[in-house]
Each structure stands twice: as C-alpha cells, then as structure tokens.
Amino acid sequence: MQPLTRARIRPRLLTATGIAAALIAAPLALPTMANAEPAPVLTSPSDLLAAKTGDLVDLRIGDIRPTQPSVGFDEVYYKVGRYTMGKDALNKGLGDWCEANGQGDVASAQPGATIDNAASFTCTIPLGQETADSLAAMKTVVIGPGGLPYLTDGHHTLTSFAETPGAGLNTPLRLRVMGNLSNLSETDFWTQMQANGWTWLKDVSGKAITPQQLPKSVGLKNFQDDPARSLLYFTRDIGYTAGTIPFQEFIWGDWLRTSGVDLSGWNPTSAESTLAIVKTISEAQVAAGQDTVIAGGYTGKQLGTLKKWNDGKAVDKGEFAKLSKPFSDDKPGKIAYAMAYKATLPVLTAPATPAAPSVTTSGTTATISWQAPADGGSPITGYRVQLSGDDQPARAPIEVAGTQLSVTVPNLIPGTYTATVTAVNAIGASVTSPVSAAVTIAQPANPGDVHGTLAISGELRPGSTVKVSGTGFAPNVEGFALELHSAPVRLATVTTDANGAFAESVTIPADAPAGAHRIVVLWNGAEVSGSDVTVQPAVDATPTPDPGTTAPATQTPGSSATAQPGATHPAANAGSSLPQTGAGDLPTATLLIALLLGTGALAAGIARKRAAQ
C-alpha cells in the first residue's frame, strides 16, 4: 500500500449511482478477492465540500471529528483485547475494518497482517462491488463548515482502531456521507445536527454540554469514560436489540440513571461482578415493557426492548451464555476479553496534584491561572477552583471545564486572597494544590477625595435629553449624585466603572429657567466635579392671537415669521403696562365705513335717476 499523504490528486467519491451500476454488472455471490488499493491520498476538506449524501470518502481516522463527548471504555477494551489477544481464526480487527470499509468481512490474511496495511489481508467484497447490506454497515459522517467530517456512527470502532497496534490514527477508512451541511454557519450547523439527532451533547452524568466541548479526534485520551454505556453494550441482544436510532445506548444510559438499578456494588474490574450487573440491567430493560416511554421520548419498542429476557432462552443458552464464557474458553465472551485486556493496561488514577496556581488582580477583579497536571491516564474533565479571602472565607468552589486553565472573579471587596485548584477526571479528584501566594485587593480612595471631569453633549433646553460623561472619578463606586444647580434638581444617581468613568443620559427639567446653570457630581453632598452650562429658552408653541388682531403666520423652527398687514406682534408692547384692546386697528375700520357709506350713496343716486326716466 502506498504511503498516505495530505495531498489530493483526484477526487475519491463513489456515488450511489456508480455503486448501483457496479452491482448490476457484477453477480451478488462474489468470490474472495484481494483488496483493490484504497486511494493513495486522503480526501481533503476542499473535496468534502462537494460530497453528496451517499458518497463514500477516504479519510484518515485521526481527521474525523467526534459528535459525542464519551465512549464506554470497556467496549473499546473488548474490541482491542480481541484484536490483540483474540483466538479467532482470522483477526477480528481485520474483519471489523472490512465491514466498516463497506467490504463485508475478512477473507484471508497474511501472517502479521495489520489493519493499517490493506495489502496484507483481503475482504470478501472487492472495492466497487459493494452491496446494499455492506453499505448499510459502514460508519457515517456529516460534512460540516469548512469541509470538516463529523462522525455520526462508529466512535467505538474508530477509537478501537486508534488504540490497536498496527493501526492508529493514521489508519485510512472509507465512510459514507449522511449529509452535507457545509453551507451552514457554525451555529446553524450544530442546531441542525441536534434537530437531526446526529450529535449527543451530554456528559457522562447526563448534563448538557456545548459543541465546543466535544473532542477534536477519536482515541481514548480524548473521551470521557461512560461505564453505563459499556454495560448497555453488553446487554445487547439480551435486554434489547440494536436498531437505527442514533445514540441508542446513550438514550438507554439516560434511562439507567433513573431506573432504580443499583450500581453501587458493581466492581468494574471483575468479570463476575460485571456479568451480574449486566443480567440485572437487561432484566430491568425487559421489565420496562414495549409501550413504556424509556427516555428521549422513545418507547421500549422503538429502542428495541426484547419481549423476553435473553430472547426467551435459558441462562446457559443464547447471547447471555456467549457473554458469560471466560477467557480460558476457545471463544471467550466480550466481558472476558475486556477484563483480560484491561489487566494489561497501566492502572488509571486520578490526576496528579496541580502546582500552586497564580493569582493576579486588577481593581476589584482577581484572575486565577494554573497549569494542567498529569491526567493519570484518564482525561481531565474539570477543575475546582477555591478562592479564599476576607470577603468569604467559605466561598463555594468554582467549577470549570477540563480545557480551561484560568478563571476570573470580579467585584471583590478590599482584602487578602489566596487560591487552590483541584483536578478531576473519570477516576476521581486529585489532591488539592498548594495554596497560591496571597494577593491584596486595595482599599479604594475616598470617593470624595477624587475629583473627575465632566463632558456634556446635546441641546440644553427645558425637557431635552443630554448625555453626561464623567472620567477620573474613584473606580467602582455606586451612589454619586448628578444634579442641576443653582436650585438643586436631582438628574440621576450614577456608578463608576473600574476605570472611574460613567456615562448617563439625563433630562433637563421642563421648568428649568433659561440662563446660566451648573451640572455637578456630588459625593455625600460635597461636589467632586462640575461643569457650567447655559440652558437655552424653550421653543414656544404657536401663540394665540389677541382679540381683534390677525394671527401671525406659523413659524417653522429656524425660519422667521412674516407679520400680516395691520397686525401687531404679541411681544410688540411687552413694555406697556396696559392691556391691548385692538385700538391699533381704528384707521382701517374708519376707512371701511367710509367706503360703505360712499357705495350706498352712489347706489341711491342711480336708483333715483332710473325712477325719473
């Protein structure tokens, strides 16, 4: 097999149409043949952007992104144990690779054949002659933003390949595309993934996580161990059958946490104890019934609950009998393989003790930082940060994710503070770190002794809103009074930020007289800053004309009013002590009367003349 590189020479996409054509041309009963070489190059993200549903893509398993935070380690131990310690005529790992690659099962293998060397073994179905059943057995991916492939089925199988000598993260594998969502934004992509049931965003305790907390690659070091998930894998075909519902065992895990099954006496290093708890769980699954809603809105029937335990067979028959076989048997059971392989591994422990954290301060905020300790062979899943100080000697620990190496605590009162850190993994909690060096949150200056500056923007008129900004005041102080003087009017109460600044929008009182004023900031009644301002007169509404006058034209702001002939502006006699009575219109009235009298006399003369004729 040629070396794998990250370059891309030609697309390696097998469409469903092409597969169908190959099936038509070839008989369904296929002879055993040597594998055709997989493409010597891997599918790049740019190629994956064009992938369609049903396409088959060649990938390096280390480049495939998980969509769940945990796997059942014992299930992986069973697979790797069987791959490396197995008693099968042909290596089970080779068979699992053939199946995952869409090529059925292993047909033959050279001595020392390894999963990462496809030329060292053959599969029962050649490339290009896949059947509907062999395609259905393949592991699946969804193409996400940037052409990244996200695994939707096969986390345990691919992790088993990653952990097996002669395989590893560089192992090539074909996967079937379930969908291409690369056109979506990151947020919309994960929303759609959840809507489709293509991701499992819960940790081993059933608490929700974010997509950002998912591992970036398969492999045990990247996952949390979910013991319940392993137990439910072992109950398969004893209490339920596997179906097509995504994350079926995780849904059963949600049920197990609330089922009342007592796991406290289970010893996960004992084959006998594990077999006993599997029997208890599988019996409880069957007892739950077909019609009961188990978890996630699914009924027992939908989740594959068997009508009878062990499919109606006796304890020494059927799947339970196979599961029970010890490692000494010619065909050991899954639990026996898991325990045998687990016994060869270094003992997993809680994380090592973290070094003392460092604490830095800024104003009333403290930031605690630390280094990740050795994880004890099991990934660190979180940290507990304990900040102790003069404000709360018994402050509750701060819980942060295992990928986080600092945390910030704001709004601390003046005093001395120290911190410690505890690391947590699936095995347990570390010894708490040594105490950090002490830091001091300083006593702030008396707010009344710190004099800042003000800036006012906006039109200063009665009823208008202006913005008052302050800088250079005592930081983080609540209760500064903002007032308009000379007659004190409270405009607002403001709080400064960590830099001693504030910004507040205030309204000038509607009855504020025009003229000189001062906007001031007070602390306990004493001025700590002020700014002289001038309040402009209010814009008058259109005045009502006096009796006997003609109303002036409406004035648009910024324009000049035009006086009407014979009219007097209401302010024209502002200095007079007598009211206006309309006497200013007397000449006009006299002229009108004269015209009327003249017109009447003329009409009378014309009438007399006509009568004389």
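Keep in mind it's a predicted model, so treat the numbers as computed, not measured.

Observations regarding the overall build of the protein
Then comes step 1: Counting its secondary structure elements, the protein contains 13 helices and 25 strands.
Then comes step 2: Put simply, the protein has 613 residues, and 42% of those count as buried.
Then comes step 3: Within the protein, counting contacts between residues at least 6 apart in sequence, those at least 24 apart form 65% of the total.
Then comes step 4: Summed over all atoms, the accessible surface of the protein reaches about 30,800 Å², with 55% contributed by carbon and sulfur.

Digging into the sheet that holds strand β18 (residues 439-441)
Then comes step 1: The strand order across the open sheet built from four strands is β15-β14-β17-β18, with neighbouring strands paired in antiparallel fashion. Looking at which strands have only one partner, the edges of the open sheet turn out to be β15 (398-401) and β18. Across the sheet, the mean angle from the axis of one strand to that of its neighbour is 35 degrees, orientation sign disregarded.

Observations regarding unusual backbone geometry
Then comes step 1: One non-glycine residue with positive phi stands out, namely aspartate 311, at about 55 degrees.
Then comes step 2: As for its placement among the helices and strands, aspartate 311 is situated in the loop between β11 (298-299) and α11 (318-324).
Then comes step 3: Positive phi, normally seen in glycine, also occurs at asparagine 476, with a value near 55 degrees.
Then comes step 4: Here asparagine 476 shows up in the loop between β20 (465-471) and β21 (478-485).

Points about the sheet that holds strand β19 (residues 453-457)
Then comes step 1: Reading across from one edge, β19-β20-β23 is the order of the three strands in this open sheet, with antiparallel pairing throughout. Here the strands that pair on one side only, and so sit at the sheet edges, are β19 and β23 (502-507). Taking the axes of each pair of neighbouring strands and ignoring which way they run, one obtains an average angle of 25 degrees across the sheet.

Topic: the confidence of the model for the protein
The predicted structure's coordinates, where accompanied by low pLDDT, should not be read in detail.
Then comes step 1: Looking at the protein, pLDDT values average 84 and 80% of them are 70 or higher.
Then comes step 2: Across the protein, the secondary-structure element scoring lowest on mean pLDDT is strand β1 (residues 33-34), at 29, and the one scoring highest is helix α4 (residues 92-100), at 98.
Then comes step 3: Across residues 1-41, where pLDDT falls below 50, the model places 80 contacts with residues more than four positions away in sequence or in other chains.

Some thoughts on the pairing of strand β2 (residues 56-60)
Looking along a regular strand, one sees side chains alternate from face to face of the sheet.
Then comes step 1: Where burial is concerned, most of β2 is hidden: four out of the five residues are buried.
Then comes step 2: Direction of pairing for β2 relative to strand β8 (residues 172-180): antiparallel, over a ladder of five bridges. Bridging across to β8, leucine 56 finds its partner in arginine 176.

Details of the state of the cysteines
Then comes step 1: For the structure shown, the criterion picks out one disulfide.
Then comes step 2: The disulfide bridge from cysteine 98 ends at cysteine 123, spanning 1.9 Å between sulfur atoms. One disulfide, between cysteine 98 and cysteine 123, carries an S-S torsion of -75 degrees and so falls in the left-handed class. Of this pair, cysteine 98 sits in helix α4 while cysteine 123 sits in strand β5 (residues 121-123); the two residues are 25 residues apart in sequence, bridging distant segments of the chain. Here cysteine 98 matches cysteine 123 in class, with each residue buried.

Conventions and cut-offs
- Residues numbered from 1 in each chain as written.
- Predicted model: local features only at pLDDT ≥ 70, side-chain atom pairs only at ≥ 80, totals over all residues.
- Heavy atoms only, no water.
- Helix = DSSP H or I, 4+ residues; strand = E, 2+ residues; numbered from the N terminus.
- Buried < 20%, exposed > 50% of the residue type's maximum accessible area, 1.4 Å probe, protein only.
- Contact = heavy atoms within 4.5 Å.
- Areas by Shrake-Rupley, 256 points an atom, 1.4 Å probe, with all protein chains shown as cover.
- Pairing = 2+ DSSP bridges.
- Axes fitted to C-alpha atoms, helices over the stretch in contact; angles between N-to-C directions.
- pLDDT = per-residue confidence, 0-100.
- Disulfide = S-S within 2.5 Å.

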